[in-house]
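If you want the building blocks of each chain, they are given just below.
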Amino acid sequence: MSITPAPAAPGRSPRLRRLVLATTAGAIALSGLVACGSDSSPAKSSPSAPSATVESAPVTVKDPWVKASDSGMTGLFGTLVNTTGAQLTVVSGTATVAEKTELHEVADVDGKPMMRPKAGGFVIPANSGHELKPGADHIMLMGLTQPLKPGDEVTVTLTLDDGRTVKFTAVGKAFAGGKEDYNPGMTKG
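Residues numbered from 1 in each chain as written. Predicted model: local features only at pLDDT ≥ 70, side-chain atom pairs only at ≥ 80, totals over all residues. Heavy atoms only, no water.

Chemist: Please clarify how the packing of aromatic side chains should be interpreted in this entry.
Modeler: Two aromatic rings, taken as a pair, are described by how far apart their centres are and by the angle between their planes. Here the structure, examined in full by the defined rule, presents two aromatic pairs. One aromatic cluster is present, formed by Trp65, Phe77 and Phe175 through successive ring pairs. (Phe/Tyr/Trp six-rings, centres within 6.5 Å; stacked < 30°, edge-to-face > 60°.)

See below:
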């Protein structure tokens, strides 16, 4: 398609004519592109567009890791980060490699540190964090269904007191610190 310039109208400058000509040519080219993009074939299914109001996770887990273990039980650690303006409490959890998952603490009992289930769960203050670490609060993976080697990934789902769940992946790491063996009734001394 060629565009023939219109005869110069009285009072129009050559610069204005070039601008009008360029604008017209651009509009014609654009309409050609749009027409080429139409498809008369049957509609193809496409994934729906994500919602503009995607809710962010109420809790994220920073640097989650689990102590490598061949069998029995092990501990999971990291920092629970509350991304909301309200206090949240983690009340339970599940893990892909464990028959049972419990929230634990190491507490002083008769002057000796003792590991036990954490009554009431892990409270995470608004817009703050709660650290899970060896020798303190942690998540116990009990009845391992397979050996857990360094580098293995474990999918964990935590449940909050309001019923929402948080899913994350923890990485297996070799760890000998604290000489924790995670046996029931374990005391550290």
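Chemist: For this particular structure, what's the right way to read the environment of Glu99?
Modeler: Relative to the helices and strands, Glu99 resides in strand β4 (residues 98-109). The exposure class of Glu99 is exposed, given its relative accessible area of 67%. A C-alpha to C-alpha distance of 9.7 Å links Glu99 and Met73, two positions 26 residues apart in sequence. Apart from the residues within four sequence positions on either side, Glu99 is in contact with Met142, Gly143 and Thr145. (Helix = DSSP H or I, 4+ residues; strand = E, 2+ residues; numbered from the N terminus. Buried < 20%, exposed > 50% of the residue type's maximum accessible area, 1.4 Å probe, protein only. Contact = heavy atoms within 4.5 Å.)

Chemist: For this particular structure, what's the right way to read the environment of Met140?
Modeler: As for its placement among the helices and strands, Met140 is situated in strand β8 (residues 138-144). For the pair Met140 and Thr101, spaced 39 residues apart in sequence, the C-alpha to C-alpha distance is 5.6 Å.

Chemist: Is there a simple way to explain unusual backbone geometry in this structure?
Modeler: A negative phi angle is the norm for most residues apart from glycine, just as the trans form is the norm for most peptide bonds. In this structure, Asp63 is a non-glycine residue whose phi angle is positive, near 50 degrees. Along the polypeptide, Asp63 turns up in strand β1 (residues 59-67). Asp63 sits in the exposed class, given a relative accessible area of 58%. The backbone of Asn127 sits at a positive phi, close to 50 degrees, despite the residue not being glycine.

Chemist: How do you make sense of the nonpolar core when you look at a structure like this?
Modeler: For soluble globular proteins, the rule of thumb is that nonpolar side chains tend to be buried together. Counting residues in hydrophobic clusters, the biggest one holds 25 residues, and the most contacted among them are Leu76, Leu80, Val90, Ile139, Leu141 and Val154. Only β1, β2 (73-82), β3 (88-95), β4, β6 (122-124), β8, β9 (153-160) and β10 (165-173) provide two or more residues apiece to this core. Of all the elements, β9 adds the most residues to this core, at four residues. Beyond its immediate stretch of four places on either side in the chain, Leu141 contacts Val66, Gly72, Met73, Thr74, Leu76, Ala95, Val97, Ala98, Lys100, Thr101 and Val154. (Core = buried A, V, L, I, M, F, W, Y, C linked by side-chain atoms within 4.5 Å.)

Chemist: Which parts of the structure should I look at to understand the pattern of salt bridges?
Modeler: Oppositely charged side chains can form a pair if their charged atoms are brought close together. Summed over the entire model, instances satisfying the criterion amount to six salt bridges. Taking the shortest distance from any N to any O, the salt bridge between Lys118 and Glu105 comes out at 3.5 Å. Of this pair, Lys118 sits in the loop between β5 (112-117) and β6 while Glu105 is found in strand β4, placing the two residues 13 residues apart along the sequence. Using a relative accessible area of 23% as the deciding quantity, one classes Lys118 as partly exposed. Each of Glu105, Arg116, Lys118 and Asp137 takes part in a single network of salt bridges with overlapping partners. (Salt bridge = Lys/Arg side-chain N within 4 Å of Asp/Glu carboxyl O.)

Chemist: Honestly, the confidence of the model for the protein in this entry has me stumped. Any pointers?
Modeler: Where the model shows low pLDDT, its predicted coordinates should not be examined in detail. On average, the protein scores 78 in pLDDT, and the residues at 70 or more come to 64%. This model gives residues 19-54 a pLDDT under 50, and the stretch forms five contacts once residues within four places in sequence are excluded. Contacts from residues 183-189, a stretch scored under 50 in pLDDT, to residues over four places away or in other chains number 12 contacts. (pLDDT = per-residue confidence, 0-100.)

Chemist: Explanation requested: the pairing of β5 in the structure shown.
Modeler: Every regular strand shows the same layout, with side chains that alternate between the two sheet faces. With six bridges connecting them, β4 and β5 associate as antiparallel partners. Bridge pairing links Glu105 to Arg116 in β5. Between the antiparallel neighbours β4 and β5 lie two residues, among them Asp110 with a positive phi of about 55 degrees. (Pairing = 2+ DSSP bridges.)

Chemist: Where do I start with the side chain of Thr101 in this structure?
Modeler: Its place among the elements puts Thr101 in strand β4. Classification of Thr101 by relative accessible area gives buried; the value is 14%. Polar contacts involving the side chain of Thr101 include one to the main-chain amide nitrogen of Ala95, which spans 3.3 Å. Not counting residues within four places of it along the chain, the set of residues in contact with Thr101 comprises Gly93, Thr94, Ala95, Ile139, Met140 and Leu141. (Polar contact = N/O pair within 3.5 Å; in protein donor to acceptor, adjacent residues only side chain to side chain.)

Chemist: Explain the side chain of Thr89 here, please?
Modeler: Its place among the elements puts Thr89 in strand β3. Once you skip the residues sitting within four places of it in the chain, Thr89 turns out to touch Gly120, Gly121, Phe122, Val123, Thr159, Leu160 and Asp161.

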